[in-house]
Amino acid sequence: MSAGIVTYGGYVPRYRIRPKEIGAVWGADGEAMGRGLNIKAKSVPGPDEDVITISVEAARAAMAKVDLDPTNIGAIYVGSESHPYAVKPTATVVAEAISAAPVMTAADFEFACKAGTAAMQTCMGLTLSKMYKYGMAIGSDTSQGAPGDALEYSASAGGAAFVIGTDRMIATIDHTVSYTTDTPDFWRREGQRYPSHGGRFTGEPAYFKHVVSCAQLLFKRAGTTAEDYDYVVFHQPNGKFPVRAGKQLGFKDGQMDTGLLVRDIGNTYSGAIMLGLCAILDEAEAGDRIFAMGYGSGAGSDGFDLTVTDEIRKIRRDGRSIQDMVKDTAFIDYATYAKYRGKIAMKEAAA
Amino acid sequence: MAIPRFWREIPSRYNLIGTKCGSCGQVDFPPREVCPECGRRSIGKMQRFRLKGAGQVVTYTVIHDAPAQFEMQKPYVIAIIETDEGVRLTAQVIDVAPDEVKIGMRVQAVFRKLGQEGSAGVIHYGYKFRPATETGPIRRP
Amino acid sequence: MRDVAIIGVGETAFGELWDYSFRDLGIEAGLKAIQDAKVTAEEIDAVYVGNMSAGKFIDQEHVSALVADYAGLADMHLPTVRVEGGGACGAVALLQGRMAIASGMHDVVVVGGAEKMTDVGEVQAAEILSSTADQEWESVFGATFAGLYAMMARRHMHEFGTTREHMGAVAVKNHKNGALNPVAQFQKEITLETVLQAPWVAEPLGLFDCAPLSDGAAAIVLCAMDQARRYTDAPIRIAGSGQASDFLALHDRRDLTTMDATVVAGKRAFAEAKVEPRDIQVAEVHDNFTITEILAIEDLKFVEKGKGGPATVDGVTALNGKVSVNTSGGLKARGQPVGATGVAQAVEIVRQLRGEAGKRQVVGARRGLTHTLGGTGATAVVHIFERGA
């Protein structure tokens, strides 16, 4: 028996800022930075948005596609590195907002950009073991880059939700493999506003080592090579790493294009690979095979081999597609971006 | 500050839960114990009823002079919206330029942050509305 | 039910009165009214105080006892009542005082209204004003008090073609009247251009479409009509009163361009007084925003629904027009210390009917009307006054 995706939904805020705007403030050639990262713009959450609102919108988008009794969702897990509360889970708000509460379990996850995929694997375990009928895994972030840092050009906002179960699956997860080590490539200490990273150390010993190693494990487990897949999606911290990893593993541009959202919306961290997978599911057809390889700093990769089923024809396609959201844009300048992202020191509100 | 006050309204603020009168069928939001139309006849007959969140703008304003906790958003649009169930409510209209809001435009409820009790306090969430999008098949045939 | 008359009035100046505390305001108005009425402390039976929000503005509740105390009446051990009803509380207090005498329970009652709004900052004061809207279903979403009235204005513009120029004409008229009123907060005329170019508060209302924040107090001494001649040769009779309520939230009202509470309160007052709108020569109506005066003159049936704007431009409601509206300058120019408003409006009508209004006298004023609102129209009170027999 396998577990798989029963329904999916994503959300991308509509505000965007271009690398050129960011570079101009810090005396850098923003356009060159953008080219170097293969990022044309990144998404910015509005002042009334956060990981909780994004997670709810993604979860609701998922529930709108199918007729599923929300009280059959026995577990909700939200993975993020920018939960609005350090203590008080995002998952409980989602549970109320989709009417799944109260007879269910919930918790928040953290593993940099792979917190959402870790939640997916947990839900697989819960549903395969028949503990619960369905579980919901959400990856969602409003990640911050320190002002003037390279990450400021790419750290963006978005999220996606998957309902995982063992029946009515629109895509079965035939294999999942993970590769985890203690690697300090990118981190944020408790109480610190912005994360830190190891510069070029985040490449070969971190992203590539885990993504490629895990991918090779997955090929072995599944008995496949790159050619066997219709779509591939990697975690996408910028528009260059996933393309390089893909080529290294034998994938072609055509397989990668649909899921490579980072070029238009930046790196949505825990949302990245899951939003890419949503974009693929928006157009995939029964029988399509998908290779999904996530990565989270700290470090680890979760890989998935999926096959789309006939059931995908039954889900409702009203509502906005991922591409609709990617294209729904309102560009802002750095001042507005700084205001929305809380980068301006405000006065303490009077009592 | 007012933790229970906000917590109590979560079903209505998150999920647009109102009531439908078992006597005359009128829908009210937020929930009422007594139907304004039926009075006493409706006591004990009010049923939980969830609004779909679709409606249109009846009137609106653009707020420039804002209370302290709305400073970040000004100028922002506040509207009276009539939902398809015939209920009227007051909410912000977002994701649209203020000068593009029109009486009669179709809107859809979304989930957003309403405010917070300072940087250490509880965050409050609830409904706002954005312009309704055309719906239709995601995939092109 | 006995007839009730007004035998004395008094008021402070209105404005940003930095040197006056809430106590100072209440006392000055009260003592002026008592002296005008020539009553003694022993003759007063009760004190009613209209005050919306002393608790939030100055952290003080229980202001009825406070005002009587500082007026020197504490050892008379009078019954004192604080009346709240949003912006209508002064008018509601007046009705309560009238009912106390009409019922036979009391013979002489002092009714005061006072508000001290400038001890807090403007942003906070605006938030306190907003507390008369629906906190859970309007204010929590960011709907400000001005925003709610602005939505009524937008709808009125949509349905009847009312323009910003129509609304601006109300402000211009009221400032012109205020310039003739020594106690008014604003004593300078303004031009329509000033109104139209003012910064936005909540579109389509700009700064000059909105009444100011003010400190102030007013007081009235009421007496049973059959005893009034002991104190004055010019008692003013309360000929009719009407009070009505409506749904609290604006979105629940039957019609966004009509205040049903005003319509009903007006009908009740006119019915009791056995007169019609055309029998009124002078009226103080609630103009916390310019649109509110337009709605009021329509809902009180001085003009046809939808025609309030053009009527103002045409001078129907100008000083010595068909019906002189807001000769005091209204809330807009006289000021609106909230709790005082309903009482201050009555004081102006009394002065007009006594012929004491100086440069803003309405010629031949025999009957006057006050109209006061609470919140966005969830409470409305209408009083009709005439020169006593």
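Residues numbered from 1 in each chain as written. Chains lettered and ligands numbered in written order. Predicted model: local features only at pLDDT ≥ 70, side-chain atom pairs only at ≥ 80, totals over all residues.

## Points about helix α6 (residues 145–160) of chain C
Counted only if it meets this: Note on conventions: DSSP H or I runs of at least 4 residues are helices, E runs of at least 2 residues are strands, and numbering of each starts at the N terminus. Expected span of a helix: the number of residues minus one, times 1.5 Å. Each residue is classified by how many other C-beta atoms fall within 10 Å of its C-beta atom, where C-beta atoms are placed from the backbone; a count of 20 or more means buried, 12 or fewer means exposed, and values in between mean partly exposed.
Taking 1.5 Å per residue, 16 residues should reach 22 Å; α6(C) reaches 23 Å between its end C-alpha atoms and fits that length. Taken across its 16 residues, α6(C) has 13 buried, putting it largely inside the fold.

## Observations concerning the interface of chain A and chain B
It is common to give the size of an interface as the accessible area lost on bringing the parts into contact. The line we're drawing: The contact rule is simple: place each C-beta atom from the backbone, and if two of them lie within 7 Å, those residues are in contact. Under the grouping applied here, Gly and all other residues not named as nonpolar or charged are polar, the nonpolar ones being Ala, Val, Leu, Ile, Met, Phe, Trp, Tyr, Cys and Pro and the charged ones Asp, Glu, Lys and Arg.
At the interface, 23 residues of chain A touch 22 residues of chain B. Of all elements in the fold, only α3 (51–64), α4 (90–97) and α10 (272–283) of chain A reach the threshold of two or more residues within the side of chain A that touches chain B. Considering every element that reaches the side of chain A that touches chain B, the biggest residue donor is α3(A), with four residues. A per-class count over the side of chain A that touches chain B returns seven nonpolar, four polar and 12 charged.

## Quick look at the domain arrangement of chain C
Residues and elements named next belong to chain C. The criterion, for reference: An automatic or database domain assignment supplies the start and end points of every domain.
Along its sequence, chain C is carved into domain 1 (4–121 + 214–228) and domain 2 (132–210 + 238–387). Between the C-alpha centres of domain 1 and domain 2 the distance comes to 23 Å. Facing 35 residues of domain 1, the contacting portion of domain 2 comprises 33 residues. Among the secondary structure elements, those contributing two or more residues to the side of domain 1 that touches domain 2 are β1 (4–11), α4 (89–102), β4 (108–115) and β7 (216–224). Counting residues per element, the side of domain 1 that touches domain 2 draws most heavily on α4, which supplies eight residues. Taken together, the residues of the side of domain 1 that touches domain 2 break down into 20 nonpolar, 11 polar and four charged.

## Overview of the interface of chain C and chain B
At the junction of the two partners, chain C supplies 27 residues and chain B supplies 23 residues. Contributions of two or more residues to the side of chain C that touches chain B are made by α5 (122–129), α6 and β5 (200–203) of chain C. Sorting elements by how many residues they give to the side of chain C that touches chain B places α6(C) first, with seven residues. A breakdown of the residues in the side of chain C that touches chain B according to their chemical character gives 15 nonpolar, five polar and seven charged.

## A look at the environment of C:I280
Residues and elements named next belong to chain C. Mapping I280 onto the fold places it in the loop between α10 (260–273) and β9 (282–284). Taking the C-alpha atoms as reference points, I280 and D24, separated by 256 residues in sequence, lie 35 Å from one another. For I280, the residues in contact, after removing those within four places along its chain, are V323, R367, G368 and L369.

## Details of the sheet that holds strand β2 (residues 27–28) of chain B
Residues and elements named next belong to chain B. Using the following cut-off: By the convention used here, strands pair only if DSSP detects at least 2 bridges between them.
An order of β2-β1-β3 is seen for the three strands of this open sheet, with the pairing classed as antiparallel. Whereas interior strands pair on both sides, the edge strands pair on one side only; in this sheet they are β2 and β3 (46–50). The sheet contact formed by strand β1 (residues 17–21) and β2 spans two bridges and is antiparallel. Bridge pairing in β2 links T19 to D28.

## What to know about the confidence of the model for chain C
As a reminder of what qualifies: Confidence of the predictor at the level of single residues is given by pLDDT, which spans 0 to 100.
In the predicted model, chain C carries a mean pLDDT of 96, and 100% of its residues have values of at least 70. Scored as a complex, the prediction yields pTM 0.94 and ipTM 0.93.

## Considerations on the pairing of β1(B)
All names here are of chain B. Sheet analysis places β1 next to β3, joined by five bridges and oriented antiparallel. From the neighbouring strand, I17 faces β3, where its bridge partner is R50. In this antiparallel pair of consecutive strands, β1 and β2, the connection spans five residues, and G25 shows a positive phi of 85°.

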